[in-house]
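Residue strings, one per chain:
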Amino acid sequence: MPVPPDPVLRAAVRWLEKLPASGAARSRALFTTHSDYSDITPTQYDAAYAWIKDTGLLGETSSSIPLHCRIFDAAMEHSGVPWLRDADVLIRRPDELPEDALRAAETLGLTHEVAYAQVSSIWGKVDTEERSRIGSAGELALLELLSESADGRVEHVAAWSDGYGYDIFVDAHQRSAHLEVKTTLRVGRLTVYISRNEYETMLRDPNWELVTVRLTADLEVTAVAAVPKHWIADHVPSDRTSRGRWQSCRLDIPPDVPVPGIPSIVPMLTEAAPAVLRGVSAS
């Protein structure tokens, strides 16, 4: 659904202000009969009530978060605005907020700075949830491919511990591969997060490899590639003193950096292994 119109947002404020003390029936009677509330139509009040119910705001009337911020957050998070998933790149300052966010903020009496802070928080929450969902799907999809294609043992070590510094272990023909898997649905933009433990595992483990998996919207594998270790080492942050230490970082990987397929496991694959794992064209 789009960001609600201004009258619906204002009506949502009134509903959430009145509901805790008056309940739905008395609040609706007040809105439809009292002249102080006649600037908004009964239809708009009904639309606002349905919207706060659909977004979950109706169950948060006792929240400690300021009311106008809660409504703004719901308007952004549940509207499906296309810019939200790339807000970290598209919106770097309050004056870069899109028109629909600015309109909602002004309707709700929020400054541009507050609206920017709320958008940053929403993006962080949405991005974290999406990365978790997509990351798990990518690991499992690659695990299935490897289990069907590697002539040896394949273990999903991340399923029982995140301390290894990688997700999937492959062992065959006296060779081993330790694969750290990063997943995306996007074409043209590859952003991954690497932990300090994963990075230090890379430095000491010759079998470690960072593998990127691109999935379709239906979570089917469409591309697999490996990111060279030297590129990662050249782009992670540096600890400037012994009193400061990075624990995780974000890497924006250019499209020409990943190497198609997974080079370390090619000698371990069966003849029937799909081309996407070998890094060759399916044709």
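For the structure, see preceding data.
Let me sum up the structure you'll find in this document. (Residues numbered from 1 in each chain as written. Predicted model: local features only at pLDDT ≥ 70, side-chain atom pairs only at ≥ 80, totals over all residues. Heavy atoms only, no water.)

**Observations regarding the overall build of the chain**
If you tally the helices and strands in the chain, you get 9 helices and 8 strands. Structurally, the chain occupies a C-alpha span of about 80 × 45 × 35 Å along its principal axes. Considering only intrachain contacts with a sequence separation of at least 6, the fraction spanning at least 24 residues in the chain is 62%. For the chain, the accessible surface area stands at approximately 14,900 Å², while carbon and sulfur atoms represent 51% of it. Within the chain, the 40 negative side-chain charges are centred at a point lying 4 Å from the centre of the 28 positive side-chain charges. (Helix = DSSP H or I, 4+ residues; strand = E, 2+ residues; numbered from the N terminus. Contact = heavy atoms within 4.5 Å. Areas by Shrake-Rupley, 256 points an atom, 1.4 Å probe, with all protein chains shown as cover. Lys, Arg positive; Asp, Glu negative; His and termini not counted. Charge placed at Lys NZ, Arg CZ, Asp CG, Glu CD.)

**What to know about the packing of helix 3 (residues 67-77) against helix 6 (residues 112-149)**
Relative to each other, helix 3 and helix 6 sit at 50 degrees, their axes nearing to 10 Å. Put simply, helix 3 runs oblique to helix 6. Between helix 3 and helix 6 lies a crossing of right-handed hand. Here Cys69, Phe72, Asp73, Met76 and Glu77 of helix 3 lie close against helix 6, whose contacting residues are Val114, Ala115, Gln118, Val119, Ile122, Lys125 and Val126. Residues of the contact of helix 3 with helix 6, tallied by class, amount to 8 nonpolar, 1 polar and 3 charged. (Axes fitted to C-alpha atoms, helices over the stretch in contact; angles between N-to-C directions. Parallel < 35°, antiparallel > 145°, perpendicular 65-115°, else oblique. Left-handed = near helix turned anticlockwise from the far one by under 90°. Nonpolar A, V, L, I, M, F, W, Y, C, P; charged D, E, K, R; others polar.)

**A word on the side chain of glutamate 139**
Within the element layout of this structure, glutamate 139 appears in helix 6. Lysine 182 is the oppositely charged side chain nearest to the buried, salt-bridge-free glutamate 139, at an N-O distance of 7.4 Å. Leaving out residues up to four positions away in the same chain, glutamate 139 has contacts with His156, Ala158, Asp167, Ile168, Val181 and Thr183. (Buried < 20%, exposed > 50% of the residue type's maximum accessible area, 1.4 Å probe, protein only. Salt bridge = Lys/Arg side-chain N within 4 Å of Asp/Glu carboxyl O.)

**Topic: the pattern of salt bridges**
Evaluation of the coordinates by the stated rule reveals 20 salt bridges. Residue aspartate 86 pairs with arginine 186 through a salt bridge whose shortest N-O separation is 2.7 Å. Taken as a pair, aspartate 86 in the loop between helix 3 and helix 4 (87-90) and arginine 186 in the loop between strand 3 (175-184) and strand 4 (190-195) lie far apart in primary sequence, 100 residues in all. Between glutamate 130 and arginine 133 there is a salt bridge, with the nearest N and O atoms lying 3.1 Å from each other. Placement of the pair is glutamate 130 and arginine 133 together in helix 6, with a separation of 3 residues, close to one helical turn. A residue is classified by how much of its surface remains accessible, and arginine 133, at 44% relative accessible area, is partly exposed.

**Some details on the packing of helix 1 (residues 6-33) against helix 3**
What describes two packed helices is the angle between their axes and the distance between those same axes. At a closest axis distance of 10 Å, the pairing of helix 1 and helix 3 adopts a crossing angle of 130 degrees. In terms of their interaxial angle, helix 1 and helix 3 are classed as oblique. For the element pair helix 1 and helix 3, the recorded crossing hand is right-handed. Within the contact between the two elements, helix 1 uses Leu9, Ala12, Val13, Leu16 and Glu17 and helix 3 uses Leu67, His68, Ile71 and Ala75. Of the residues assigned to the contact of helix 1 with helix 3, the class counts are 7 nonpolar, 1 polar and 1 charged.

**Focus: the sheet that holds strand 3**
Strands sit in the order 1-2-3-5-6-8 across an open sheet of 6 strands; the sheet is mixed. Every interior strand has two partners, whereas the edge strands, strand 1 (153-155) and strand 8 (259-260), have only one. In the sheet, strand 2 (residues 168-172) pairs with strand 3 via 5 bridges, with the strands oriented antiparallel. In the strand pairing of strand 3, aspartate 171 is matched with serine 176. Sheet strands touched by helix 6: strand 1, strand 2, strand 3, strand 5 (208-215) and strand 6 (221-227). Its angle to strand 3, the strand with the most contacts, is close to 145 degrees. (Pairing = 2+ DSSP bridges.)

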